[in-house]
Amino acid sequence: MASTDSNKPDSATVARTEELVDRFLDAIWMERGLSQNTLGAYRADLMTLGRGLAMNEKTIDKANKSDLLDFIADRVESGAKPRSTARQLSSFRRFFRYIMREGMRDSDPTADIEMPRIGRSLPKTLSEDEVDALLNAPNTDEPLGHRDRAMLELLYATGLRVSELINLKQSQINFNQGVLRIVGKGDRERLIPLGEESQRWLQDFIDGPRMEILLERQTDYLFPTRRGDRMTRQAFWHIIKRYAEKAGIRRKLSPHSLRHAFATHLLNRGADLRVVQLLLGHSDLSTTQIYTHVARKRLK
C-alpha cells in the first residue's frame with residue numbers, strides 16, 4: 001500500500017526503522033567498541049535508506065535486493081561517488097547480517113550486490129618543509145597559540161588521529177618514560193614514544209599557558225578551549241586551515257594531514273612498516289601499506 005502523501009515518508013514506518021537502527025548500533029558498539037564517528041556514519045546511511053523505503057510504508061528490515069539497487073541507482077544518478085556508494089553498501093551489509101543473526105529474516109538482500117570498483121586514493125600529505133612552516137605558524141606568545149603549537153607538535157610527533165588528540169587527558173602522558181598511552185579504535189591500547197621536542201612543548205604548555213586558558217576552571221582534557229571545554233573536531237579543523245593559510249600552504253589539507261605526514265616521513269627515513277602500523281594503531285597491515293605508495297611516489 002502506497003503512502004497517502006507521496007512526497008512524505010510514513011512517520012510510523014520511519015520510527016520503526018529508527019528503533020531497528022538504534023538496536024543495531026547498540027549491538028555493534030558493544031561488540032567492537034566503534035568510535036562515535038563510525039556509528040554516526042552507519043546511522044546516517046541506514047536512516048537515508050529507511051526514509052526512502054518509508055515512502056512506501058516499508059521498514060528497513062523488509063528491504064529486498066530490488067529496493068537496494070533502486071536506492072543505489074538513485075544515489076549514483078544524483079552524483080554520488082563510488083567510494084560513498086561502497087561505504088553505504090558496507091553499512092547495509094552489516095545491518096542485514098545483524099538482523100539475520102537476530103532471527104528477523106533468513107536472507108541477506110546485499111549478498112549478490114557487487115561493491116563498486118574504486119581506486120585507492122593516496123592520502124594527502126605534506127613535505128618536511130611544509131610541516132616546519134605549519135608548526136611555526138601559531139603565535140606562541142599567546143596562550144591559545146602555545147596550545148595550538150603543542151597540539152600540532154604532538155600530532156606530527158605521534159601520528160595520532162584527530163579524535164584521539166582532542167580527547168587526550170593529562171593522565172595519558174608519562175613524561176618519565178616519554179610515552180603516550182592511547183586507547184584507539186576497537187578499544188585497542190597502544191603506547192607511543194614522545195620525542196624531546198614534543199615533550200618540551202607539552203611540558204611548557206601544561207606549566208603555564210594551559211592554566212592561563214582555564215583560569216579557575218577544571219577539566220581533565222589536555223587541550224581546553226577558551227571556554228574550558230573539550231575542543232571539537234570541527235574547531236581543530238578550522239585551526240589547521242587557518243595556520244596552513246598563514247604558512248603559505250596552498251594544497252588542500254585534511255584533518256589527518258599531519259598523521260599522514262608522520263607515517264610517510266618515517267617510511268622515507270627507513271622505518272619498518274610494522275612499527276609504523278603499531279604507532280598508527282592500524283589493525284590491518286594493508287591499511288598502513290598505502291603509505292609506502294606515497295613514499296615511492298614522492299621518491300620518483
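Quick caveat: nothing in here was measured; it's all calculated off a predicted structure. (Residues numbered from 1 in each chain as written. Predicted model: local features only at pLDDT ≥ 70, side-chain atom pairs only at ≥ 80, totals over all residues. Heavy atoms only, no water.)

A.B. asks: What is the right way to look at the overall build of the protein in this model?
C.D. replies: Tallying secondary structure elements over the protein gives 13 helices and three strands in all. By residue count, 45% of the 300 residues in the protein fall in the buried class. Across the protein, the fraction of contacts at a sequence separation of at least 24, relative to all contacts at a separation of at least 6, is 62%. Accessible surface, the protein as shown: approximately 16,600 Å² in total, 47% of it carbon and sulfur. (Helix = DSSP H or I, 4+ residues; strand = E, 2+ residues; numbered from the N terminus. Buried < 20%, exposed > 50% of the residue type's maximum accessible area, 1.4 Å probe, protein only. Contact = heavy atoms within 4.5 Å. Areas by Shrake-Rupley, 256 points an atom, 1.4 Å probe, with all protein chains shown as cover.)

A.B. asks: Looking at this structure, how should I read the pattern of salt bridges?
C.D. replies: Two side chains of opposite charge can pair, provided their charged atoms sit close to one another. Within the structure shown, the criterion is met by 17 salt bridges. Glu-19 is paired through a salt bridge with Arg-23; the nearest N and O atoms lie 3.9 Å apart. With Glu-19 and Arg-23 both in helix α1 (residues 11-32) and four residues apart, the pair spans about one turn of that helix. Judged by its relative accessible area of 40%, Glu-19 falls in the partly exposed class. (Salt bridge = Lys/Arg side-chain N within 4 Å of Asp/Glu carboxyl O.)

A.B. asks: What's the story with the environment of Glu-142 in this structure? I'm lost.
C.D. replies: For Glu-142, the location among the structural elements is in the loop between α5 (128-135) and α6 (143-158). Judged by its relative accessible area of 45%, Glu-142 is partly exposed. The spatial distance from the C-alpha of Glu-142 to the C-alpha of Ile-213 is 9.8 Å, given a sequence separation of 71 residues.

A.B. asks: I keep staring at the nonpolar core and nothing clicks. Help me out?
C.D. replies: Nonpolar side chains in soluble globular proteins tend to be buried together. By size, the foremost hydrophobic cluster in this structure holds 44 residues, and its most contacted members are Leu-154, Leu-180, Phe-223 and Phe-236. Within the residue set of this core, elements represented by two or more residues are α5, α6, α7 (162-166), β2 (179-183), α8 (196-207), α10 (233-246), α11 (257-268) and α12 (273-280). Sequence-distant contacts of Phe-223, defined by excluding residues within four places in its chain, comprise Arg-147, Ala-150, Met-151, Leu-154, Leu-165, Leu-168, Leu-202, Phe-205, Asp-229 and Met-231. By size, the runner-up hydrophobic cluster in this structure holds 26 residues, among which are Ile-28, Tyr-42, Leu-49 and Phe-95. (Core = buried A, V, L, I, M, F, W, Y, C linked by side-chain atoms within 4.5 Å.)

A.B. asks: Could you clarify how one ought to interpret the environment of Leu-180 in this entry?
C.D. replies: Mapped onto the elements, Leu-180 comes out in strand β2. Taking the C-alpha atoms as reference, Leu-180 lies 8.2 Å from Arg-190; in sequence the two are 10 residues apart. Ignoring any residue separated from it by four or fewer positions in sequence, one finds Leu-180 in contact with Leu-154, Thr-158, Leu-160, Leu-168, Gln-172, Ile-173, Arg-190, Leu-191, Ile-192 and Leu-194.

A.B. asks: Just to check I follow, could you spell out the layout of surface pockets for this structure?
C.D. replies: Summary: where empty space remains is shown by rolling a probe the size of a single water molecule over the atoms. Considered as a void within the structure, the second largest pocket measures approximately 300 Å³ in volume. In terms of lining, the second largest pocket is formed by 17 residues, of which the most central are Tyr-156, Ala-157, Phe-262, His-265 and Leu-266. Listed by contribution, the elements that provide at least two residues to the lining of the second largest pocket are α5, α6, β3 (189-193), α8 and α11. Of all the elements, α5 adds the most residues to the lining of the second largest pocket, at four residues. Of the residues that constitute the lining of the second largest pocket, the class distribution is nine nonpolar, three polar and five charged. (1 Å grid on protein atoms, 1.4 Å probe; cavity = no way out; pocket = protein on both sides within 12 Å on 5 of 7 lines; lining within 4 Å. Points joined across faces, edges and corners; volume = space filled by probe spheres on them. Nonpolar A, V, L, I, M, F, W, Y, C, P; charged D, E, K, R; others polar.)

A.B. asks: Honestly, the packing of α6 against α10 in this entry has me stumped. Any pointers?
C.D. replies: In a packed pair of helices, the relevant descriptors are the angle between the two axes and the axis-to-axis distance. Look at α6 against α10: their axes get within 12 Å of each other, and the N-to-C directions meet at 95°. By the angle class used here, α6 and α10 are roughly perpendicular. On α10, the residues touching Gly-145, Arg-147, Asp-148, Met-151, Leu-152 and Leu-155 of α6 are Phe-236, Ile-239, Ile-240, Arg-242 and Tyr-243. Residue classes in the contact of α6 with α10 are distributed as seven nonpolar, one polar and three charged. (Axes fitted to C-alpha atoms, helices over the stretch in contact; angles between N-to-C directions. Parallel < 35°, antiparallel > 145°, perpendicular 65-115°, else oblique.)

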